[in-house]
Structures are given as structure tokens and as C-alpha cells.
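Here is how the chains run, residue by residue.
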Amino acid sequence: MASAPPLLELRDLSASYGHVQALKPTSLTVAEGELVTILGPNGAGKSTLLRAVTRLTPGTGQILFQGRDVSRLATHRLSELGIIMVQEGRGLFSQMTVRENLILGGYNAGGDRVLLEARLQQVFDLFPRLKERVDQLSSSMSGGEQQMLAIGRALMAGPKLLMLDEPSLGLAPRVAAEIIATLGELNCSGLGILLVEQKAPLALRLAKRVYVLSLGRVAVELPANEIGSHHDLARYYLH
Ligand SMILES: Nc1ncnc2c1ncn2[C@@H]1O[C@H](COP(=O)(O)OP(=O)(O)O)[C@@H](O)[C@H]1O
Ligand SMILES: [Mg+2]
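Analysis parameters
- Residues numbered from 1 in each chain as written.
- Chains lettered and ligands numbered in written order.
- Predicted model: local features only at pLDDT ≥ 70, side-chain atom pairs only at ≥ 80, totals over all residues.
- Heavy atoms only, no water.
- Helix = DSSP H or I, 4+ residues; strand = E, 2+ residues; numbered from the N terminus.
- Buried < 20%, exposed > 50% of the residue type's maximum accessible area, 1.4 Å probe, protein only.
- Expected span 1.5 Å × (residues − 1).
- Contact = heavy atoms within 4.5 Å.
- Core = buried A, V, L, I, M, F, W, Y, C linked by side-chain atoms within 4.5 Å.
- Domains from an automatic or database assignment.

Draft legend 1. How the structure looks around the overall build of the protein. Secondary structure summary: the protein contains nine helices and ten strands in total. Its C-alpha atoms give the protein principal-axis dimensions of roughly 45 × 45 × 40 Å. Here the protein, with 239 residues, has 50% of them falling under the buried criterion.

Draft legend 2. Examining helix α6 (residues 143-155) more closely. When the terminal C-alpha atoms of α6 are compared, their 18 Å separation across 13 residues agrees well with the 18 Å that a helix rising 1.5 Å per residue should span. Across the 13 residues of α6, twelve count as buried, placing the element largely inside the fold. Looking only at α6, the buried set comprises G144, E145, Q146, Q147, M148, L149, A150, I151, G152, R153, A154 and L155. Next to the buried residues of α6 lie β6 (83-86), α3 (98-105), α4 (113-126), α5 (128-132), β7 (161-165) and α7 (173-188).

Draft legend 3. Looking closely at the nonpolar core. Counting 48 residues, the largest nonpolar core has L130, L162, L183 and I193 as its most contacted members. Composition of this core by domain shows at least three residues from each of domain 1 (1-82 + 161-239) and domain 2 (91-158). The next biggest cluster of nonpolar side chains, apart from the first, holds 29 residues, and it includes L13, A15, L194 and V196.

Draft legend 4. Up close: the environment of L13. Locating L13 in the fold gives a position in strand β1 (residues 8-17). Expressed as a C-alpha distance, the spacing of L13 and T60, which sit 47 residues apart in the sequence, is 5.6 Å. Excluding residues that lie within four positions of it along the chain, L13 makes contacts with L23, K24, P25, T26, L49, A52, V53, T60, G61 and I63.

Structure below.
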């Protein structure tokens, strides 16, 4: 029997801003149910990679999703297929409540109330704090709660692949750990996750594989449990 195609496969995906190629031709895969971490310093091209996958930034090269070439699809079509991104800075609607933000995330449920209710319940089970604050404006919540809301909103879209751009940025270590642990739970229940972080001792415990981006290209690809034996990488990324 032929093995299943990867959930996501990038073949020589690149992206430029004007004359600057911020993402050099990059190839990577995320298998079904896998959690893959992309590490790299500020300016390495991590956000550009995620934005090129979701076509928020135009790119060249091939994007395959479950074996299907989706390179030419628009952002909203990709989201209907289940490719959902939590952007850096979260992109919440600050003057809307927690509930309103969540419901907007579920726009692709096509107004199916039963489905929306089931997804809301799933989000509240994962993040009870969102349930407690369901009628608060998102702007009134702490950074950690806002990140939970951003992830909750992404889950409302029913993702098959969840991509997150530095979800722990600016959060206290304890809160970041809580959020990363929740990503681990989601991954354990079968969700494919592509997690971008600058430094990620916690994320590395969950990830099977790691790509290190540097100057717009993949400098290293290795199993997450081997990063400790690469002294230069360990020094930078594990502390
Ligand atoms: N909108 C933009 N216009 C021009 N250059 C950009 C833009 N966004 C990012 N860049 C540049 O592209 C490179 C990669 O940026 P980015 O993907 O944001 O890196 P990272 O997310 O790893 O910090 C950087 O040199 C950055 O200055
Ligand atoms: Mg970035």
C-alpha cells in the first residue's frame, strides 16, 4: 500500500519583498499528525515562510496539501481546506468580545450552529479561562489570554494544519508553557502543527523534527531530540 502523502509539503517555496529574497527556495514537510518546529533568529524568514504558505505574501514554488497542489489557491480557499494560521501579534478584533472573536473564526462552518457550538465547546474545554471571560472585550485580557483566544479562534475554523507564528512571544514563561502544553494536547489528538518560535526549549519537547532557518534558508533539519548533541544549536536554542 502506498503511504499517505504528507499533510504539508513545500517544494522550493521562496518569497521576496521587492528585490530582497527573504525566503530562499525552501523545502519541508509536515506529516499527518506531526508537530514540527521551525526555529531561527529574528529576520531569518520564519514569518515570511508561514505567510507564503497561506499566500498572504506572494511566493513561488510548490505547496502541496495532502498530496494536492494548492500553490495557486487564495488564502480563504486554503483556510476552507483546513490550513489555518495564528499570526504573530494575534490579529484579534480588540473591540469585540471573546465570543465574537471565536464565532468569527468559525466563519467557514457556513452558519451551521450545531457545528459552531461543538467547536466552541472544544475551545472552552481546552481553555476554560476563555469561557469565564466570554463576554469581555478581547483588548481587556492579558497577553496570555489573548494568545489563547487567537488559538481558540483558529480552532473554530476546524484546522487540519495549525500554523503558529511565535505564540509564546512576550509571555511569561509559565503562561508560555501552558500554551505550548495545550498545543501538545492538540497534537496528541491528531492535529498537524507547524510551530514557529525563536527559541523553544518547551516546543522542542513536543516536536519530532526541527528545521532551523537562517538568512532565509533551512540551515539544519534534524530530529528534535538530537538538538542537544549539537553544541552550537543547543547553546542558542535550548536556553
Ligand atoms: N513587508 C516587508 N517588506 C520588506 N521586507 C520585509 C517585510 N517583512 C519582512 N521583511 C524582511 O524579510 C526578512 C525576513 O523577515 P521575517 O520573515 O519577518 O523573519 P522572522 O519572522 O524570522 O523574524 C527580514 O530581513 C525582514 O526585514
Ligand atoms: Mg517573525
